[in-house]
Amino acid sequence: EMYFRETGVCRFSLLDGTEIVGVSGNTWEEYSDLLKSVSPTDRFVASPELITSAGMSFDEMAENTNLINQRIEELVNFSTDFKETVFVLGTPLFVNGRPRNSVLVIKAGEIVGVTNKRFSATDEENQFFEMIPEESPLLLPNTNTAIVICSDLVLASMYAGYTEDIIREILRLSGKEDLIGRGMKVIPNGADSILLVSCWSVGGRFVAEGQADEYYRNQLRNITWRLMRETPVK
């Protein structure tokens, strides 16, 4: 386990040696400035969840649709100078009446993939965003690495290794009755790694002052331990 407390640029390798460059900023401007450290030889560059609306409330997101779309276009244009690099961008995506909490996969000036969040840990987010329970799972191009958005990792662990009857009861007890009977698949068959695009500490409850890091770290440890025990993910 490696744990980086600061925002900025961090590099880490997956099981098969694939290097991921994580670029994390507190604002879109900070994130954009950090992108200057990306090299044309970097294969995958990933952002946090909803980075194009960093610092905005839900109401401000709805009022700044054009600005958020401009930021998406900014990264699309930026990617034209990195022909072999795949950029993974967390963003609100305005499709229907409500936005979706989405991840775009961008390469060489084109959007080549998209996935949407299935269910949130908070009622507020579920009310604001259009969630897509039956969303098809998505792999990073030419890898066995699944792209997962924040609390969808919790859903993946709920479904791992349980029978349908037990899953139904878990969903009922956890307040996710809306997902009962829905076609839920977060991690594709054959995936051996997960790239989690997230703002993990958002929405946490009952966290003692000064203990947030350990609280969220323990959540991730327990969830990933279960997935690595019950699925091919390592």
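Caption draft 1: Just the confidence of the model for the chain, in detail. On average, the chain scores 90 in pLDDT, and the residues at 70 or more come to 98%. The element-level mean pLDDT for the chain is lowest in helix α6 (residues 164-173), coming to 83, with strand β3 (residues 44-46) highest at 98.

Caption draft 2: Broad picture of the environment of leucine 93. Inspection of the secondary structure assignment puts leucine 93 in strand β4 (residues 86-94). Counting along the chain gives 43 residues from leucine 93 to leucine 50, while the straight-line C-alpha distance between them is 9.4 Å. Ignoring anything within four residues of it in the chain, the contact list for leucine 93 reads Ile72, Pro99, Arg100, Ser102, Leu104, Val114 and Asn116.

Caption draft 3: Just the pairing of strand β7 (residues 145-149), in detail. Buried residues dominate β7, accounting for 5 of its 5 residues. Along β7, one buried face is formed by Thr145, Ile147 and Ile149 and the opposite face, lined by Ala146 and Val148, is buried too. Note: β7 against strand β8 (residues 193-197), 5 bridges, orientation parallel. Among the inter-strand pairings, threonine 145 is bridged to a residue of β8, identified as serine 193.

Caption draft 4: Up close: the environment of serine 120. Here serine 120 is to be found in the loop between β6 (110-116) and α4 (123-128). Considering only alpha carbons, one finds serine 120 and valine 154, 34 residues apart in sequence, at a separation of 9.6 Å. Residue contacts for serine 120: discarding those within four places in its chain leaves Glu125, Asn126, Met131 and Ser151. Among the polar contacts made by the side chain of serine 120, one reaches the main-chain amide nitrogen of threonine 122 at a distance of 3.0 Å.

Caption draft 5: Region of interest: helix α5 (residues 152-159). Counting buried positions along α5 yields 7 of 8 residues, so the element is predominantly enclosed. For α5, the full list of buried residues reads Asp152, Leu153, Leu155, Ala156, Ser157, Met158 and Tyr159. Tucked into the core, α5 has its buried residues touching β6, β7, α6, β8 and α7 (212-230). At the C-terminal side of α5, glycine 161 shows a positive phi close to 80 degrees.

The rules behind each value
Residues numbered from 1 in each chain as written. Predicted model: local features only at pLDDT ≥ 70, side-chain atom pairs only at ≥ 80, totals over all residues. Heavy atoms only, no water. pLDDT = per-residue confidence, 0-100. Helix = DSSP H or I, 4+ residues; strand = E, 2+ residues; numbered from the N terminus. Contact = heavy atoms within 4.5 Å. Buried < 20%, exposed > 50% of the residue type's maximum accessible area, 1.4 Å probe, protein only. Pairing = 2+ DSSP bridges. Polar contact = N/O pair within 3.5 Å; in protein donor to acceptor, adjacent residues only side chain to side chain.

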